[in-house]
Amino acid sequence: MPTWTALTTLNGKAQAEALGVALENLDPEPTGIGVFEVEDDSGLWEVGAYFTDRPDDTALLLLTTAMDAKPFTVSELPETDWVAHVKRELAPVEAGRFFVYGSHDADRVPADKHPLLIEAAMAFGTGHHGTTLGCLKALDRLADAGVTADKVADIGCGTAVLAMGAAAIWDADIIASDIDAQAVDVARANLHANDMESRVKLAEAAGFDHPDLAGPFDLIFANILKGPLIALAPDLSERLTSGGHAILSGILNEQANDVVAHYTQHGNSLSHREEIGEWTTLTLQKTP
(Lines give C-alpha, C1' and ligand atoms only; values in the text may rest on other atoms or scores of the structure.)
Protein backbone atom coordinates (compact mmCIF):
# COMPACT_ATOMS: atom_id res chain seq x y z
CA MET A 1 0.00 0.00 0.00
CA PRO A 2 1.46 3.40 -0.94
CA THR A 3 2.12 5.98 1.72
CA TRP A 4 1.48 9.69 1.24
CA THR A 5 3.80 12.08 3.05
CA ALA A 6 3.27 15.77 3.76
CA LEU A 7 6.32 17.68 4.98
CA THR A 8 6.91 21.31 5.93
CA THR A 9 9.28 23.45 7.99
CA LEU A 10 8.67 26.44 10.25
CA ASN A 11 10.36 28.47 12.95
CA GLY A 12 9.95 27.65 16.61
CA LYS A 13 9.20 24.56 18.65
CA ALA A 14 5.87 25.80 20.03
CA GLN A 15 4.47 26.51 16.56
CA ALA A 16 5.77 23.19 15.23
CA GLU A 17 4.14 21.25 18.05
CA ALA A 18 0.89 23.17 17.57
CA LEU A 19 0.93 22.28 13.87
CA GLY A 20 1.52 18.64 14.79
CA VAL A 21 -1.57 18.70 17.03
CA ALA A 22 -3.66 20.40 14.33
CA LEU A 23 -2.72 17.71 11.82
CA GLU A 24 -4.40 15.10 14.02
CA ASN A 25 -7.80 16.57 13.12
CA LEU A 26 -7.43 16.26 9.35
CA ASP A 27 -9.71 14.13 7.18
CA PRO A 28 -8.31 11.78 5.96
CA GLU A 29 -6.64 11.23 9.30
CA PRO A 30 -2.85 10.78 9.25
CA THR A 31 -1.45 7.44 10.36
CA GLY A 32 1.56 9.10 11.95
CA ILE A 33 2.89 12.57 12.76
CA GLY A 34 6.45 13.64 13.49
CA VAL A 35 7.84 16.93 14.83
CA PHE A 36 11.63 17.18 14.68
CA GLU A 37 14.23 19.88 15.15
CA VAL A 38 16.47 20.46 12.15
CA GLU A 39 19.93 19.92 13.63
CA ASP A 40 21.77 22.71 11.81
CA ASP A 41 21.37 25.57 14.32
CA SER A 42 18.90 27.23 11.95
CA GLY A 43 16.05 27.23 14.46
CA LEU A 44 13.84 25.42 11.95
CA TRP A 45 11.56 22.52 12.84
CA GLU A 46 10.25 19.89 10.44
CA VAL A 47 6.69 18.65 10.70
CA GLY A 48 5.65 15.58 8.76
CA ALA A 49 2.51 13.48 8.47
CA TYR A 50 1.89 10.12 6.84
CA PHE A 51 -1.35 9.05 5.17
CA THR A 52 -2.77 5.97 3.46
CA ASP A 53 -4.95 8.28 1.30
CA ARG A 54 -3.84 11.52 -0.31
CA PRO A 55 -4.29 14.39 2.15
CA ASP A 56 -6.53 17.33 1.31
CA ASP A 57 -4.40 20.08 -0.27
CA THR A 58 -6.77 22.86 0.78
CA ALA A 59 -6.77 21.73 4.41
CA LEU A 60 -2.97 21.58 4.41
CA LEU A 61 -2.76 25.08 2.91
CA LEU A 62 -5.05 26.47 5.59
CA LEU A 63 -2.86 24.96 8.30
CA THR A 64 0.38 26.35 6.88
CA THR A 65 -1.18 29.79 6.50
CA ALA A 66 -2.45 29.77 10.08
CA MET A 67 0.90 28.56 11.47
CA ASP A 68 3.13 30.69 9.21
CA ALA A 69 4.78 27.56 7.81
CA LYS A 70 6.11 26.83 4.35
CA PRO A 71 3.62 25.05 2.04
CA PHE A 72 3.51 21.29 2.57
CA THR A 73 5.38 19.14 0.09
CA VAL A 74 3.12 16.17 -0.62
CA SER A 75 4.64 12.99 -2.07
CA GLU A 76 3.54 9.43 -2.68
CA LEU A 77 5.98 6.64 -1.97
CA PRO A 78 5.72 2.95 -1.11
CA GLU A 79 6.34 2.20 2.54
CA THR A 80 9.31 0.01 1.65
CA ASP A 81 10.94 3.01 -0.02
CA TRP A 82 10.56 5.01 3.21
CA VAL A 83 12.33 2.33 5.23
CA ALA A 84 15.12 2.21 2.66
CA HIS A 85 15.41 6.00 2.84
CA VAL A 86 15.74 5.90 6.61
CA LYS A 87 18.41 3.24 6.35
CA ARG A 88 20.37 5.36 3.91
CA GLU A 89 20.08 8.53 5.95
CA LEU A 90 20.45 7.08 9.45
CA ALA A 91 24.18 7.07 10.08
CA PRO A 92 25.48 5.44 13.28
CA VAL A 93 26.07 7.75 16.22
CA GLU A 94 29.11 7.51 18.48
CA ALA A 95 28.97 8.94 22.00
CA GLY A 96 32.14 7.97 23.80
CA ARG A 97 31.96 4.24 24.44
CA PHE A 98 28.46 3.94 22.94
CA PHE A 99 27.61 3.18 19.31
CA VAL A 100 23.96 3.67 18.31
CA TYR A 101 23.11 1.99 15.01
CA GLY A 102 20.45 0.35 12.87
CA SER A 103 20.58 -3.31 11.88
CA HIS A 104 21.61 -2.27 8.35
CA ASP A 105 24.90 -1.06 9.89
CA ALA A 106 25.57 -4.15 12.03
CA ASP A 107 28.80 -4.80 10.15
CA ARG A 108 30.11 -1.36 11.16
CA VAL A 109 29.99 -1.83 14.94
CA PRO A 110 33.50 -1.20 16.36
CA ALA A 111 34.83 -3.95 18.60
CA ASP A 112 35.71 -1.48 21.36
CA LYS A 113 32.24 0.11 21.63
CA HIS A 114 29.04 -0.79 23.46
CA PRO A 115 26.52 -1.29 20.62
CA LEU A 116 22.94 -0.07 21.06
CA LEU A 117 20.69 -1.31 18.27
CA ILE A 118 17.73 0.85 17.29
CA GLU A 119 15.83 -0.33 14.23
CA ALA A 120 15.42 2.17 11.40
CA ALA A 121 11.67 2.45 11.86
CA MET A 122 12.26 3.51 15.50
CA ALA A 123 15.29 5.67 14.90
CA PHE A 124 14.10 9.16 15.73
CA GLY A 125 15.11 10.45 19.13
CA THR A 126 17.77 7.84 19.79
CA GLY A 127 21.08 9.62 19.47
CA HIS A 128 20.79 11.84 16.43
CA HIS A 129 19.09 14.58 18.43
CA GLY A 130 21.28 16.85 20.55
CA THR A 131 19.40 16.02 23.74
CA THR A 132 19.83 12.25 23.53
CA LEU A 133 23.40 12.53 22.31
CA GLY A 134 24.14 14.85 25.22
CA CYS A 135 22.74 12.34 27.72
CA LEU A 136 24.80 9.48 26.29
CA LYS A 137 27.93 11.60 26.43
CA ALA A 138 27.15 12.55 30.03
CA LEU A 139 26.75 8.88 30.94
CA ASP A 140 30.08 8.15 29.25
CA ARG A 141 31.77 10.90 31.29
CA LEU A 142 30.41 9.52 34.55
CA ALA A 143 31.67 6.06 33.68
CA ASP A 144 35.08 7.50 32.78
CA ALA A 145 35.17 9.16 36.20
CA GLY A 146 34.66 5.79 37.88
CA VAL A 147 31.01 6.31 38.80
CA THR A 148 28.89 3.18 39.14
CA ALA A 149 25.18 2.88 39.81
CA ASP A 150 23.24 0.04 41.39
CA LYS A 151 19.80 1.56 40.72
CA VAL A 152 18.95 3.63 37.63
CA ALA A 153 15.74 5.27 36.40
CA ASP A 154 15.10 6.62 32.90
CA ILE A 155 12.11 8.99 33.14
CA GLY A 156 10.42 9.82 29.83
CA CYS A 157 12.46 7.04 28.26
CA GLY A 158 11.15 7.15 24.67
CA THR A 159 13.17 4.46 22.90
CA ALA A 160 14.91 3.51 26.20
CA VAL A 161 18.33 4.06 24.63
CA LEU A 162 19.59 5.76 27.81
CA ALA A 163 18.45 2.90 30.01
CA MET A 164 20.11 0.49 27.60
CA GLY A 165 23.31 2.50 27.75
CA ALA A 166 23.34 2.12 31.53
CA ALA A 167 22.59 -1.60 31.22
CA ALA A 168 25.49 -2.00 28.78
CA ILE A 169 28.06 -0.80 31.32
CA TRP A 170 26.61 -1.69 34.75
CA ASP A 171 25.00 -4.72 36.35
CA ALA A 172 22.28 -2.55 37.81
CA ASP A 173 18.58 -2.52 38.69
CA ILE A 174 17.22 -0.33 35.88
CA ILE A 175 13.71 0.92 35.16
CA ALA A 176 12.59 2.93 32.14
CA SER A 177 9.25 4.73 32.16
CA ASP A 178 7.20 6.93 29.89
CA ILE A 179 3.81 8.62 30.11
CA ASP A 180 3.00 7.46 26.57
CA ALA A 181 1.94 3.83 26.05
CA GLN A 182 3.27 3.79 22.49
CA ALA A 183 6.70 4.89 23.70
CA VAL A 184 6.69 2.03 26.20
CA ASP A 185 5.91 -0.38 23.36
CA VAL A 186 8.82 1.03 21.33
CA ALA A 187 11.09 0.70 24.36
CA ARG A 188 10.03 -2.93 24.78
CA ALA A 189 10.83 -3.67 21.12
CA ASN A 190 14.26 -2.07 21.46
CA LEU A 191 15.03 -4.02 24.63
CA HIS A 192 14.12 -7.21 22.78
CA ALA A 193 16.35 -6.27 19.83
CA ASN A 194 19.28 -5.74 22.23
CA ASP A 195 18.58 -8.86 24.32
CA MET A 196 18.05 -6.63 27.36
CA GLU A 197 14.48 -7.58 28.27
CA SER A 198 15.64 -9.05 31.57
CA ARG A 199 17.97 -6.13 32.28
CA VAL A 200 15.54 -3.20 32.16
CA LYS A 201 12.03 -3.00 33.65
CA LEU A 202 9.38 -0.90 31.94
CA ALA A 203 6.59 1.20 33.40
CA GLU A 204 3.91 3.46 31.98
CA ALA A 205 3.81 6.40 34.36
CA ALA A 206 3.67 10.16 34.66
CA GLY A 207 6.80 11.30 36.43
CA PHE A 208 7.45 9.05 39.42
CA ASP A 209 3.83 7.96 39.82
CA HIS A 210 4.53 4.22 39.92
CA PRO A 211 5.44 1.86 42.79
CA ASP A 212 8.64 0.77 41.02
CA LEU A 213 9.82 4.39 40.86
CA ALA A 214 9.90 4.97 44.61
CA GLY A 215 13.70 4.88 44.61
CA PRO A 216 16.18 5.74 45.83
CA PHE A 217 18.27 5.77 42.64
CA ASP A 218 21.98 6.32 42.12
CA LEU A 219 21.33 7.78 38.66
CA ILE A 220 18.22 9.31 37.13
CA PHE A 221 17.87 10.30 33.47
CA ALA A 222 15.16 12.81 32.58
CA ASN A 223 15.31 13.86 28.92
CA ILE A 224 12.02 15.73 28.72
CA LEU A 225 11.36 19.51 28.68
CA LYS A 226 12.04 22.48 30.94
CA GLY A 227 8.53 22.71 32.43
CA PRO A 228 8.23 19.04 33.44
CA LEU A 229 11.84 19.01 34.64
CA ILE A 230 11.19 21.92 37.00
CA ALA A 231 7.94 20.34 38.20
CA LEU A 232 9.81 17.08 38.89
CA ALA A 233 12.66 18.77 40.79
CA PRO A 234 11.35 17.98 44.31
CA ASP A 235 10.39 14.35 43.55
CA LEU A 236 13.49 13.62 41.49
CA SER A 237 15.81 15.08 44.11
CA GLU A 238 14.09 13.17 46.88
CA ARG A 239 14.63 9.92 44.99
CA LEU A 240 18.36 10.43 44.45
CA THR A 241 20.76 8.74 46.82
CA SER A 242 23.23 10.95 48.69
CA GLY A 243 25.95 11.65 46.11
CA GLY A 244 23.75 10.30 43.32
CA HIS A 245 23.61 11.87 39.87
CA ALA A 246 20.89 13.21 37.59
CA ILE A 247 21.33 13.69 33.84
CA LEU A 248 18.77 16.18 32.54
CA SER A 249 18.08 17.32 28.99
CA GLY A 250 15.37 18.58 26.69
CA ILE A 251 16.50 22.04 27.81
CA LEU A 252 17.09 24.95 25.46
CA ASN A 253 20.40 26.68 26.13
CA GLU A 254 18.71 29.82 27.44
CA GLN A 255 16.61 27.74 29.86
CA ALA A 256 19.51 25.90 31.49
CA ASN A 257 20.27 28.39 34.27
CA ASP A 258 16.65 28.34 35.41
CA VAL A 259 16.64 24.54 35.60
CA VAL A 260 19.94 24.53 37.52
CA ALA A 261 18.55 27.08 39.98
CA HIS A 262 15.51 24.92 40.79
CA TYR A 263 17.58 21.77 41.30
CA THR A 264 20.12 23.63 43.42
CA GLN A 265 17.27 24.64 45.73
CA HIS A 266 16.60 20.94 46.26
CA GLY A 267 20.12 20.00 47.33
CA ASN A 268 21.89 19.35 44.05
CA SER A 269 25.03 20.86 42.56
CA LEU A 270 25.97 21.24 38.90
CA SER A 271 28.75 18.85 37.85
CA HIS A 272 28.79 19.44 34.10
CA ARG A 273 26.86 21.15 31.34
CA GLU A 274 27.20 20.69 27.60
CA GLU A 275 25.58 22.49 24.70
CA ILE A 276 24.90 20.63 21.46
CA GLY A 277 23.26 22.95 18.96
CA GLU A 278 20.53 24.81 20.84
CA TRP A 279 20.15 22.11 23.50
CA THR A 280 21.83 21.81 26.89
CA THR A 281 22.45 18.63 28.90
CA LEU A 282 23.04 19.01 32.64
CA THR A 283 24.76 16.56 34.98
CA LEU A 284 23.86 17.22 38.61
CA GLN A 285 24.94 15.56 41.84
CA LYS A 286 22.96 15.41 45.06
CA THR A 287 25.01 16.99 47.79
CA PRO A 288 26.15 14.26 50.23
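The structure we're discussing is the one just above.
Residues numbered from 1 in each chain as written. Predicted model: local features only at pLDDT ≥ 70, side-chain atom pairs only at ≥ 80, totals over all residues. Heavy atoms only, no water.

### Regarding the overall build of the protein
Step number 1: Along the backbone of the protein there are eight helices and 14 strands.
Step number 2: Sorting the 288 residues of the protein into buried and exposed places 47% on the buried side.
Step number 3: Here the analysis covers contacts within the protein between residues at least 6 apart in sequence; of these, 66% occur between residues at least 24 apart.
Step number 4: About 13,300 Å² of surface is accessible on the protein, with carbon and sulfur atoms providing 50% of the total. (Helix = DSSP H or I, 4+ residues; strand = E, 2+ residues; numbered from the N terminus. Buried < 20%, exposed > 50% of the residue type's maximum accessible area, 1.4 Å probe, protein only. Contact = heavy atoms within 4.5 Å. Areas by Shrake-Rupley, 256 points an atom, 1.4 Å probe, with all protein chains shown as cover.)

### Section: the packing of helix 7 (residues 226–238) against helix 8 (residues 256–265)
Step number 1: As a packed pair, helix 7 and helix 8 sit with axes 9 Å apart at the nearest point and diverge in direction by 15 degrees. Judged by the angle between their axes, helix 7 and helix 8 are roughly parallel. Two packed elements cross with a definite hand, and for helix 7 against helix 8 that hand is right-handed. Each of Lys226, Leu229, Ile230, Leu232, Ala233, Leu236 and Ser237 in helix 7 lies in contact with helix 8, whose residues at this interface are Asp258, Val259, His262 and Tyr263.
Step number 2: Taken together, the residues that form the contact of helix 7 with helix 8 break down as seven nonpolar, two polar and two charged. (Axes fitted to C-alpha atoms, helices over the stretch in contact; angles between N-to-C directions. Parallel < 35°, antiparallel > 145°, perpendicular 65-115°, else oblique. Left-handed = near helix turned anticlockwise from the far one by under 90°. Nonpolar A, V, L, I, M, F, W, Y, C, P; charged D, E, K, R; others polar.)

### With respect to helix 7
Step number 1: The terminal C-alpha atoms of helix 7, which comprises 13 residues, lie 19 Å apart, in line with the 18 Å expected from a rise of 1.5 Å per residue.
Step number 2: Where helix 7 is concerned, the buried positions are Leu229, Ile230, Leu232, Ala233, Leu236 and Ser237.
Step number 3: In this fold, the buried residues of helix 7 make contact with strand 8 (151–155), strand 11 (217–223), strand 12 (240–252), helix 8, strand 13 (268–276) and strand 14 (279–286). (Expected span 1.5 Å × (residues − 1).)

### Quick word on unusual backbone geometry
Step number 1: A cis amide bond links Asp27 with the next residue in sequence, Pro28, at an omega value of 5 degrees.
Step number 2: Position of Pro28 relative to the elements: it lies in the loop between helix 1 (13–23) and strand 2 (32–37).
Step number 3: Note that the residue after Gly215, namely Pro216, is joined by a cis bond; omega there is 5 degrees.
Step number 4: In this fold, Pro216 is placed in the loop between strand 10 (200–204) and strand 11.

### So, the pattern of salt bridges
Opposite charge on two side chains permits pairing when their charged atoms draw close.
Step number 1: For the structure shown, the criterion picks out nine salt bridges.
Step number 2: A salt bridge links Asp185 to Arg188; its shortest N-O distance comes to 3.1 Å. Of the two residues, Asp185 and Arg188 are both situated in helix 6 (residues 181–193); the distance of three residues between them amounts to about one turn of the helix.
Step number 3: For Asp185, a relative accessible area of 47% corresponds to the partly exposed category.
Step number 4: Given the relative accessible area of 42%, Arg188 is considered partly exposed.
Step number 5: Beyond isolated ion pairs, a larger network of salt bridges with shared partners links Arg97, Asp140 and Asp144. (Salt bridge = Lys/Arg side-chain N within 4 Å of Asp/Glu carboxyl O.)

### Some remarks on the packing of helix 4 (residues 130–144) against helix 5 (residues 161–169)
Step number 1: The N-to-C vectors of helix 4 and helix 5 enclose an angle of 20 degrees; their axes lie 10 Å apart at closest approach. Taken together, the axis directions place helix 4 and helix 5 in an arrangement best described as roughly parallel. In the packing of helix 4 onto helix 5, the handedness of the crossing is right-handed. When helix 4 is examined against helix 5, the residues Thr132, Cys135, Leu136, Leu139 and Ala143 are found in contact with a partner set consisting of Val161, Leu162, Gly165, Ala166 and Ile169.
Step number 2: Its residues placed into classes, the contact of helix 4 with helix 5 shows eight nonpolar, two polar and no charged.

### Looking at the nonpolar core
Step number 1: With 34 residues, the main nonpolar core has Leu116, Val152, Trp170, Ile174, Leu219, Phe221 and Ile247 as its most contacted residues.
Step number 2: Elements supplying a minimum of two residues to this core: strand 5 (93–95), strand 6 (98–101), helix 4, helix 5, strand 9 (173–178), helix 6 and strand 11.
Step number 3: Leaving out residues up to four positions away in the same chain, Leu116 has contacts with Phe98, Phe99, Val100, Tyr101, Leu136, Val161, Met164, Gly165, Ala168, Asn194 and Met196.
Step number 4: Residues Leu232, Val259, Val260 and Leu284 belong to the second largest nonpolar core, which totals 25 residues. (Core = buried A, V, L, I, M, F, W, Y, C linked by side-chain atoms within 4.5 Å.)

### Brief notes about the pairing of strand 12
Step number 1: Here strand 12 lies mainly inside the structure; twelve of its 13 residues are buried.
Step number 2: Pairing analysis gives six bridges linking strand 11 to strand 12, with the strands arranged parallel. Each residue of the ladder has a partner; that of Leu219, found in strand 12, is His245.
Step number 3: The pairing of strand 12 with strand 14 spans six bridges and is antiparallel. Bridge pairing in strand 14 places Ile251 opposite Thr280. (Pairing = 2+ DSSP bridges.)

By themselves, these observations are geometric and do not establish any function.
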